[in-house]
Amino acid sequence: YSLVITQNGCTSEPGTSQATVYTLPPKYTLSKSGTTEFCSGLGVTLSVPANQFFSYRWYKNNAVINGAQSNSYYATTSGDYYVMLTSVLSYCSNNSFVTTVTVYGCRAGDPAPDKVVEELVLYPNPSSGEVILEIPFDEMNPTSKILIYDATGKLVADETKSNSEVVKLDLSLLNNGIYFVRVITGEVTAEKKIIINK
């Protein structure tokens with residue numbers, strides 16, 4: 001851009017200035033690890049693609065969620081969630097679309113919309129690393145998907161196991177803290193919080 005000033009018949013030399021227009025971060029639709037309607041005690045991971053050039057800040061009902069500054073968040077309570085993405089180069093920001101999470105007061109094992117949720121038997125809890133899961137055998141679904149999330153909702157481990165009455169997990173490589181173990185067998189999801197304390 002250039003600017004020329006004319007006054008009393010005199011014209012100045014043009015002054016120039018360069019303007020840079022930055023592109024806003026994308027307006028993402030949040031990815032979801034499962035249903036957003038479930039019984040109390042369970043949760044869902046909301047996420048957007050990771051990008052080293054963006055910082056992240058999560059909001060629930062338009063209020064900042066303290067400490068939630070990664071590209072994913074593990075939601076366990078009802079509310080309207082979204083994440084603000086800010087470019088570390090231009091500092092321009094954009095919000096994702098809102099996702100509504102609904103938590104019902106049902107007990108684990110009661111039907112929840114879109115999916116049946118059951119209580120997961122897991123011990124010892126707290127654990128120093130070795131964990132025992134009890135997964136009822138299902139002839140129609142002979143394997144189960146096991147997902148491990150940390151307290152921020154980040155997926156830290158996953159594996160597929162053949163169903164049996166007792167399944168052993170080695171979580172000894174995880175740091176001390178709170179984790180969530182989710183087991184998906186066909187249309188049935190079970191989940192439980194576990195504390196790793198070595």
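Quick note: structure is the one above.
Now for a quick tour of the structure. (Residues numbered from 1 in each chain as written. Predicted model: local features only at pLDDT ≥ 70, side-chain atom pairs only at ≥ 80, totals over all residues. Heavy atoms only, no water.)

**Some points on the packing of aromatic side chains**
Applying the stated criterion to the full structure yields five aromatic pairs. Three or more aromatic residues link up through ring pairs in this structure, and these residues are Trp58, Tyr73 and Tyr81. Positioned above the aromatic ring of Phe97 is the side chain of Lys27, whose terminal nitrogen or guanidinium carbon lies 4.8 Å from the ring centre. (Phe/Tyr/Trp six-rings, centres within 6.5 Å; stacked < 30°, edge-to-face > 60°. Lys NZ or Arg CZ within 6 Å of the ring centre and 35° of its normal.)

**Side note on the pairing of strand 21 (residues 177-185)**
Bridge count between strand 18 (residues 143-150) and strand 21: six bridges; the pairing is antiparallel. Of the residues in strand 21, the one forming a bridge with Tyr149 is Phe180. One ladder, built from nine bridges, connects strand 21 with strand 22 (residues 188-196); its direction is antiparallel. Counted as the bridge partner of Phe180 is Lys193 from strand 22. (Pairing = 2+ DSSP bridges. Helix = DSSP H or I, 4+ residues; strand = E, 2+ residues; numbered from the N terminus.)

**Description of the sheet that holds strand 7 (residues 44-47)**
Pairing is antiparallel across the open sheet formed by three strands, whose spatial order is 5-7-10. Each edge of the sheet is formed by a strand with only one pairing partner; in this case those strands are strand 5 (31-32) and strand 10 (72-75). Two strands pair when backbone bridges link them, and strand 7 and strand 10 are joined in this way by four bridges, in the antiparallel orientation. Note that in strand 10 the partner of Leu46 across the bridge is Tyr73.

**Structural notes on the sheet that holds strand 16 (residues 121-123)**
One open sheet holds the three strands; their spatial order is 16-17-20, and the pairing between them is antiparallel. With one partner strand each, in any of the chains shown, strand 16 and strand 20 (167-170) form the two edges of the open sheet. Going across the sheet, the axis of each strand differs from the next one's by a mean of 25°, ignoring polarity. (Axes fitted to C-alpha atoms, helices over the stretch in contact; angles between N-to-C directions.)

**Observations regarding the pattern of salt bridges**
Considering all chains together, one arrives at one salt bridge under this definition. In this structure, Lys145 engages Asp158 in a salt bridge whose closest nitrogen and oxygen atoms are separated by 3.2 Å. Taken together, the residues span a long stretch of sequence, with Lys145 in strand 18 and Asp158 in strand 19 (residues 155-162) at a distance of 13 residues. In this structure Lys145 comes out as partly exposed when scored by relative accessible area, which is 32%. Classification of Asp158 by relative accessible area gives partly exposed; the value is 43%. (Salt bridge = Lys/Arg side-chain N within 4 Å of Asp/Glu carboxyl O. Buried < 20%, exposed > 50% of the residue type's maximum accessible area, 1.4 Å probe, protein only.)

**Examining the side chain of Thr35**
Mapped onto the fold, Thr35 is located in the loop between strand 5 and strand 6 (37-39). Side-chain polar atoms of Thr35 contact the backbone nitrogen of Glu37, separated by 3.1 Å. (Polar contact = N/O pair within 3.5 Å; in protein donor to acceptor, adjacent residues only side chain to side chain.)

**Here we look at unusual backbone geometry**
With an omega dihedral of -10°, the bond running from Tyr123 to Pro124 counts as a cis peptide bond. Cis geometry marks the peptide bond from Asn125 to Pro126; its omega dihedral reads 10°. Residue position: Pro126 is located in the loop between strand 16 and strand 17 (130-134). Here the phi dihedral of Asn61 falls at roughly 55°; this positive angle occurs in a residue that is not glycine.

These results come straight from atomic positions and should not be treated as a statement about function.
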